Amino acid sequence: MYILGISCFYHDASAALLKDGKIVAAAQEERFTRKKHDTSFPEKAIEYCLKSQNITINEIDYIGFYEKPLLKFERILYQHLESFPKSYKTFLSSMPSWINEKLRVIKLIKKKLKYKKDVLFIEHHMAHAASFLISPFKKAAILTIDGVGEWTTTSLGIGENENIKLFKEIQFPSSIGLLYSTITAYLGFSVNNSEYKVMGLAPYGNMDKNTNPYYHVLKKVIDIRDDGSYHLNMSYFTYHYKNRMPSKKLCQLLGGFIRKPESEVTERHKDIAAALQLITEEIIIKILNYIQKITNCQNIVLSGGVALNSVANGKILRNTSFKNIWIQPDPGDGGTSIGVSIYIYNTILGNKRVYQLDNPYLGPKFSNEEIREFLDKNEIKYNEFKREKEMIKEVAKMIFNNQVIGWFQDGMEWGPRALGARSILSNPCNPEMKEIINLKVKHREKFRPFAPVVCEDDALNYFDCDKPIPLPTDFMLMVYPIKKKYHKKMPAVTHIDGSGRLQTIRKFQNPIYYNLIKEFGKLSKIPILINTSFNIRGEPIVCTPYDAYKCMMGTGIDYLIMDKFIIKREENFRDIWDSEKYAKD
Ligand SMILES: [Fe+2]
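Residues numbered from 1 in each chain as written. Predicted model: local features only at pLDDT ≥ 70, side-chain atom pairs only at ≥ 80, totals over all residues. Heavy atoms only, no water.

Draft legend 1. Spotlight on the overall build of the protein chain. When its secondary structure is counted, the protein chain shows 20 helices and 21 strands. Relative to the compact-globule value of 25 Å for 585 residues, the protein chain shows a C-alpha radius of gyration of 23 Å, a close match. For the protein chain, the spread of C-alpha atoms along the three principal axes comes to 65 × 60 × 45 Å. Relative to its 585 residues, the protein chain shows a buried fraction of 61%. For the protein chain, contacts bridging at least 24 residues in sequence account for 71% of all contacts bridging at least 6. Per element, the accessible surface of the protein chain, about 23500 Å² overall, is 51% carbon and sulfur. Taken as two groups, the 83 positive and 66 negative side-chain charges of the protein chain have centres that lie 3 Å from each other. (Helix = DSSP H or I, 4+ residues; strand = E, 2+ residues; numbered from the N terminus. Rg over C-alpha atoms; globule rule 2.2 N^0.38 Å. Buried < 20%, exposed > 50% of the residue type's maximum accessible area, 1.4 Å probe, protein only. Contact = heavy atoms within 4.5 Å. Areas by Shrake-Rupley, 256 points an atom, 1.4 Å probe, with all protein chains shown as cover. Lys, Arg positive; Asp, Glu negative; His and termini not counted. Charge placed at Lys NZ, Arg CZ, Asp CG, Glu CD.)

Draft legend 2. Main features of the packing of aromatic side chains. Here the structure, examined in full by the defined rule, presents 15 aromatic pairs. Taking 6.1 Å as the distance between ring centres and 40° as the angle between the ring planes, the aromatic pair formed by Phe366 and Phe408 counts as tilted. Residue Phe366 is found in the loop between α14 (336–348) and α15 (368–377), and its partner Phe408 is found in strand β14 (residues 405–408); the two are separated by 42 residues along the sequence. Owing to a relative accessible area of 2%, Phe408 belongs among the buried residues under this scheme. Within the aromatic cluster, the residues linked to one another by ring pairs are Phe65, Tyr66 and Phe121. For Lys72, the ring lying beneath its charged end belongs to Tyr10, and the centroid distance is 4.4 Å. (Phe/Tyr/Trp six-rings, centres within 6.5 Å; stacked < 30°, edge-to-face > 60°. Lys NZ or Arg CZ within 6 Å of the ring centre and 35° of its normal.)

Draft legend 3. Looking closely at the coordination of the iron ion. Around the iron ion, the protein contributes the donor atoms His124 (NE2), His128 (NE2), Asp146 (OD) and Asp333 (OD), which lie 2.1 to 2.3 Å from the metal centre. Bound by four donor atoms, the iron ion shows angles of 90 to 166° at the metal and therefore irregular coordination geometry. Linear spacing of the donor residues for the iron ion on their chain is H-x3-H-x17-D-x186-D. Pair noted here: His128 is in helix α6 (residues 124–129) and Asp333 is in the loop between β12 (324–326) and α14, with a separation of 205 residues, a long-range link. An identical accessibility class is assigned to His128 and Asp333; each is buried. (Donors = N, O, S within 2.8 Å, 3.2 Å for Na, K, Ca; no water. Tetrahedral: all angles 85-135°; square planar, octahedral: opposite > 155°, others 65-115°.)

Draft legend 4. Geometry of the nonpolar core. Leu4, Ile6, Ile60, Ile63 and Leu113 are the most contacted members of the largest nonpolar core, which totals 195 residues. Tallying contributions element by element places helix α11 (residues 267–295) first for this core, with twelve residues. Other than its neighbours up to four places away in sequence, Ile6 contacts Ser14, Phe41, Pro42, Ile46, Ile63, Gly64, Phe65, Tyr66, Ile109, Leu113, Ser337 and Val340. (Core = buried A, V, L, I, M, F, W, Y, C linked by side-chain atoms within 4.5 Å.)

Draft legend 5. Up close: a negative patch on the surface. A cluster of acidic side chains, namely Glu369, Glu370, Glu373 and Asp376, defines a negative patch on the protein surface. Topologically, Glu373 is positioned in helix α15. (Patch = residues over 30% accessible without salt bridge, like charges linked within 9 Å, V, L, I, M, F, W, Y side chains within 5 Å. Salt bridge = Lys/Arg side-chain N within 4 Å of Asp/Glu carboxyl O.)

Draft legend 6. Examining the pairing of strand β15 (residues 422–426) more closely. Most of β15 sits out of view: five of its five residues are buried. What you see with β15 is no split at all: Arg422, Ile424 and Ser426 on one side and Ser423 and Leu425 on the other are buried throughout. The pairing of β14 with β15 spans four bridges and is classified as antiparallel. Bridging from a neighbouring strand, Trp407 pairs with Ser423 of β15. As paired strands, β15 and strand β19 (residues 528–533) are joined by four bridges and run antiparallel to one another. Residue Leu425 lies in a different strand from β19, and its bridge partner there is Asn531. (Pairing = 2+ DSSP bridges.)

Draft legend 7. Local environment of the sheet that holds strand β7 (residues 152–160). The strand order across the open sheet built from five strands is β8-β7-β6-β11-β12, with neighbouring strands paired in mixed fashion. Two strands lie at the open edges of the sheet, namely β8 (163–171) and β12, each paired on one side alone. Along the sheet, successive strands turn relative to each other by an average axial angle of 20°, direction set aside. Examined bridge by bridge, strand β6 (residues 139–145) and strand β11 (residues 299–303) share four bridges and lie parallel to one another. Counted as the bridge partner of Ala141 is Ile300 from β11. (Axes fitted to C-alpha atoms, helices over the stretch in contact; angles between N-to-C directions.)

Draft legend 8. Representation of the confidence of the model for the protein chain in the model. Looking at the protein chain as a whole, the pLDDT averages 93, with 97% of positions reaching at least 70. Overall, residues 572–585 carries pLDDT values under 50, and its contacts beyond four positions in sequence, including any with other chains, amount to 31 contacts. (pLDDT = per-residue confidence, 0-100.)

Draft legend 9. Geometry of the pairing of strand β1 (residues 2–7). Counted residue by residue, β1 has six buried out of six residues, so it is predominantly covered. By the alternation rule, side chains of β1 split into Tyr2, Leu4 and Ile6 and Ile3, Gly5 and Ser7, which are all buried. Taken together, the six bridges between β1 and strand β2 (residues 14–19) define a ladder with antiparallel strand orientation. In the strand pairing of β2, Gly5 is matched with Ala16. The antiparallel pairing of β1 with β2 creates a hairpin that spans six residues between the two strands, and Phe9 there sits at a positive phi of about 80°. Here four bridges tie β1 to strand β4 (residues 62–65), and the two strands are oriented parallel to one another. By the bridge assignment, Gly5 is partnered in β4 with Gly64.

Draft legend 10. Examining the sheet that holds β2 more closely. One open sheet holds the five strands; their spatial order is β3-β2-β1-β4-β5, and the pairing between them is mixed. Where the open sheet ends on each side, the last strands, each with one partner, are β3 (22–28) and β5 (119–121). For this sheet, the mean inter-axis angle between neighbouring strands, taken without regard to orientation, is 20°. Here helix α2 (residues 43–52) sits on the sheet in contact with β1, β2 and β3, set at roughly 150° to β3.

Draft legend 11. Structural detail: helix α5 (residues 105–113). All of the buried residues in α5 are Val105, Leu108, Ile109 and Leu113. Buried residues in α5, looked at end-on, bunch into an arc of 100°, giving them a common side. For α5, the exposed residues set more than 90 degrees away from the buried face come down to Lys107 and Lys111. Tucked inside the fold, the buried residues of α5 contact β1, α2, β4, α3 (69–82), α4 (88–100) and β5. At the C-terminal side of α5, Lys114 shows a positive phi close to 55°. (Arc of directions from axis to C-beta.)

Draft legend 12. Inspection of a nonpolar patch on the surface at higher detail. Where nonpolar side chains cluster on the molecular surface, the patch consists of Phe84, Tyr88 and Leu92 and spans about 340 Å² of accessible area. Residue position: Tyr88 is located in helix α4.

In structure tokens form, the structure reads like this:
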């Protein structure tokens, strides 16, 4: 039985294909269209899913959609009516997409895909909560937190075997996700894109709630109760009737104008980011303690966009009574295409659970022959390693010698993080490496850290991880303190507060990546690499050999390793725009 899950029209459109209860393919549309956070109908991601199994749309038994559009429309109407006439302009501007696309999803899916069978609609937070069904747990408490679904912004539940029950929720307009996005906008970063930058900025500010002046100021906009439920004072916000998020009153409260993008980040901005992070962590921990008490579960599954807050995630097990935590590689809206497909299979159709997502490499892969054909066709000079062992030794040496490597292997990662299939790898021990990568490739804000990857069996030597090491670390969703004695030994991945957003890798997941890290460790005595996403600022992570080659040519990446092929940048240097004329593979 095949089930196709679809998520689109809000942010991060994606598609996922389930075969007999197992996810066999999943990808975000942005990777194919090369438009970051692409929201459009995921035609290309669907095409990939079908092609990966060599099937046609007629062989799909069910299609699932990640929300209930009518219910969401009801909320949109209600929120605009309630704020009328202030909402008039936003209402008018939002209607065309509702009339042309969102309210006609069934017709649109059937027409675009020429599909004749059932399309099922699952409530948005249930599609998030369904991450439980691909977790390692038979029973777990569930917390979903995002900006907003239909009405829900936070839901609490419990999952057992094939069933999920959501028993409590917080509704729009109160939303931690939208509070985080509002402050993100106030700090001059883009909404639904740069919330993680605010999280990265927070430790530069005052993370002591007793002395951070903005902690108490921000508390005026949100009322947090002992069970973690919360209520926003909407006079500080405008997102319920306008496209602009912070109100004038909020700007006055925070003592200044909205920061202009790319302008200086001041101490005040850093303290506001810190206060927001403190409040977010406080709410999450309070809600989790409440759910733990009433469910008495040892396991927790987290989902929704706020579950990308890896700093908060890293504090959960040490501040609650939960013993184990699970977060799928894409807890945001992109991940709901997997959620709907597995929910239909297990919960609606009542089939037994047979799958646990422990390997994120669900995207397109390219064989040795396909890559060779691409290189030959485009007259790109390359060498090929005969053996994998030889390649690993050579690449480890290059990284040790401070070369920046574009690493392209196997199937593309599922979710927003590069996890060793489409990664840029380099030496974490070089104190200048952060600057080198920023200068050569990423052009990021200076305050943003680079992330470390470590083999799971070495992680506890270098990081103060929870024990046993939780699975979300495999997907770079947890931040942990780096042991103090290593701060100076791996300066390029040690954040200002001594933490690292680590990826752990288990050998079975990606043996070649695992072996490369170990080999680098033999040379450097630190078995850790910088792992950052293979893209330039503002673009999605690369998907195809063409994308990878183009990215290398447009940046200062020194070597591209694709399967066993090695391509040196200088030898092939051509102007980046010339590469546009190369045939796409
Ligand atoms: Fe969501």
